[in-house]
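Structure assessment
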Amino acid sequence: MARVSGAWSWPARRLLLGAGQTAAVVLLVFALTEALPGDAAVALAGDQPDPARIAAIRETLHLDRPAHERLAAWAAGLLHGDLGTSLTSGRPVSSYLADGFGPTLLLAALTLLLLVPLAGGLGVLAARHEGRLADRLISSVTLGVYAVPEFAFGVLLVTVFALRLDWLPPTAVGYGDELLAHPAALVLPVVVLLSRPVCSLARLVRAGMIEALASPYVAQARRYGIPGARIRYAHALPNALAPAAQQLARTVDWLLCGVIVVEALFVIPGLGTVLMNAVAERDVPVIQGLAVVFGCTAVVLNLAVDLATYRLVPRTGVAA
């Protein structure tokens, strides 16, 4: 019984920590938006604001109430799934999320569909040929590509493949939400999104595979005559994926929370674009709602990966 209790103690502590992190995200988002310069009521009143109009706007938007009362009301709404209402359009913040979630999810899904096998394959290939030409080539290329910022890499791809060769469209302008019906418009954004995550994950898988292949249990498996492919993929690879899983969670969070640079460069109407427009219009409820969703997504993804890693490699929970 004590052993079972100990097996559940770390997951329970991790769940409690995740709940605390979620609460901290809500408090931090509210505090940061409160610290923004300027006054939303003045911005909404127009170029020549009338004091009476400003006061009426502040009263309508409850901006005249103390900060702790607005925080309590906002947090209570979050518990019921109410992210607030836009100051500029009067639409629910959830509708902004619904508008931008589709394109962002499409980009994220396509990127992950290619990322996992490509990074895993490169990492395993480099580990199998450690110190040889294939390993040095993969390590050099991944290091070089990772050093290039997404914006610069995207501009380079657009210049070569869209403007000079005219093989692909430079942006997604005119396609709206029907990106899946125009796959050519997705090629360059997905390549840019893949560039850095593939490099980091491949290097992590390589390092994990080299360490796993040098471990005593792999040497014992070889002595028993177990085939090399089974040793690599059934015994070494699961242990090598533990550090890569953490990086993959951060990559998924980065993708789902709207890759602002890529969406801006290729004019894709995703969550990153929604956030940029809200910041430009100083639409505080939209900024708060998106920030909370982004923050909670990061907490949930990291929590899920920690629990999955603990399940696959239970000894990692001891160190945590």
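Please read all numbers here as calculations on a predicted model, not as lab measurements.

If you tally the helices and strands in the chain, you get 14 helices and 0 strands. Reading the secondary structure of the chain in the N-to-C direction produces α-α-α-α-α-α-α-α-α-α-α-α-α-α. A total of 320 residues make up the chain; the buried ones form 39% of that total. Across the chain, the fraction of contacts at a sequence separation of at least 24, relative to all contacts at a separation of at least 6, is 71%. Surface exposure of the chain reaches about 17500 Å², of which carbon and sulfur atoms provide 67%.

Turning our eyes to something else, we now look at the environment of Ala-249. Its place among the elements puts Ala-249 in helix α10 (residues 228–256). For Ala-249, a relative accessible area of 3% gives the class buried. Taking the C-alpha atoms as reference points, Ala-249 and Val-305, separated by 56 residues in sequence, lie 6.6 Å from one another.

Formed by 37 residues in total, the largest nonpolar core has its most connected members in Leu-188, Met-209 and Phe-266. Among the secondary structure elements, those contributing two or more residues to this core are α5 (93–128), α7 (150–164), α8 (184–213), α10 and α11 (260–265). Per-element tally for this core: the top contributor is α8, with 13 residues. Counting residues in each nonpolar core, the second largest holds 21 residues, with Leu-83, Ala-278, Leu-290 and Phe-294 among its members.

The subject of this paragraph is a nonpolar patch on the surface. A cluster of nonpolar side chains, Leu-156, Val-160, Leu-165 and Trp-167, forms an exposed patch at the surface whose accessible area comes to about 400 Å². Here Leu-165 shows up in the loop between α7 and α8. Judged by its relative accessible area of 38%, Leu-165 falls in the partly exposed class.

To continue, consider helix α12 (residues 271–281). Residues Leu-271, Gly-272, Val-274, Leu-275 and Ala-278 constitute the buried set of α12. Each buried residue of α12 lies within a common arc of 160 degrees when the element is viewed along its axis, so the set occupies one face. Positive backbone phi, at 55 degrees, marks Arg-282, one or two positions downstream of α12.

Relative to the elements of secondary structure, Thr-111 occurs in helix α5. A relative accessible area of 0% places Thr-111 in the buried class. Sequence-distant contacts of Thr-111, that is, excluding residues within four places in its chain, are made with Val-190, Leu-193, Leu-194 and Leu-255.

What is expected of a backbone is that most residues other than glycine have negative phi and most peptide bonds are trans. Even without being a glycine, Asp-166 presents a positive backbone phi close to 60 degrees. If you trace the backbone, Asp-166 turns up in the loop between α7 and α8. For Asp-166, a relative accessible area of 60% puts it in the exposed group. Even without glycine at this site, Val-267 takes up a positive phi of about 55 degrees. Mapped onto the elements, Val-267 comes out in the loop between α11 and α12. The exposure class of Val-267 is partly exposed, given its relative accessible area of 40%.

Here the structure, examined in full by the defined rule, presents 1 aromatic pair. Aromatic side chains Phe-161 and Trp-167 sit 5.9 Å apart centroid to centroid with 45 degrees between the ring planes, which places their arrangement in the tilted category. A residue is classified by how much of its surface remains accessible, and Trp-167, at 60% relative accessible area, is exposed. The ring of Tyr-146 has Arg-196 lying over it, and the distance from NZ or CZ to the ring centre is 4.4 Å.

A few words now on the pattern of salt bridges. If you walk through the whole model with that rule in mind, you get 3 salt bridges. A salt bridge links Asp-135 to Arg-206; the nearest nitrogen and oxygen atoms lie 2.7 Å apart. Of this pair, Asp-135 sits in helix α6 (residues 133–146) while Arg-206 sits in helix α8, and the two are 71 residues apart along the sequence. The class of Arg-206 is partly exposed, set by a relative accessible area of 22%. The shortest N-O distance in the salt bridge between Glu-150 and Arg-196 comes to 3.7 Å. Placement of the pair is Glu-150 in helix α7 and Arg-196 in helix α8, with a sequence separation of 46 residues. The class for Glu-150 is buried, based on a relative accessible area of 16%. Judged by relative accessible area, Arg-196 falls into the partly exposed class, the value being 24%.

Moving on, we get to the confidence of the model for the chain. Confidence in the prediction for the chain averages 77 pLDDT; 82% of positions are at 70 or higher. In this model residues 316–320 is a low-confidence stretch, pLDDT under 50, and it forms 5 contacts with partners more than four residues away in sequence or in other chains.

Rules used in this analysis
- Residues numbered from 1 in each chain as written.
- Predicted model: local features only at pLDDT ≥ 70, side-chain atom pairs only at ≥ 80, totals over all residues.
- Heavy atoms only, no water.
- Helix = DSSP H or I, 4+ residues; strand = E, 2+ residues; numbered from the N terminus.
- Buried < 20%, exposed > 50% of the residue type's maximum accessible area, 1.4 Å probe, protein only.
- Contact = heavy atoms within 4.5 Å.
- Areas by Shrake-Rupley, 256 points an atom, 1.4 Å probe, with all protein chains shown as cover.
- Core = buried A, V, L, I, M, F, W, Y, C linked by side-chain atoms within 4.5 Å.
- Patch = residues over 30% accessible without salt bridge, like charges linked within 9 Å, V, L, I, M, F, W, Y side chains within 5 Å.
- Salt bridge = Lys/Arg side-chain N within 4 Å of Asp/Glu carboxyl O.
- Arc of directions from axis to C-beta.
- Phe/Tyr/Trp six-rings, centres within 6.5 Å; stacked < 30°, edge-to-face > 60°.
- Lys NZ or Arg CZ within 6 Å of the ring centre and 35° of its normal.
- pLDDT = per-residue confidence, 0-100.

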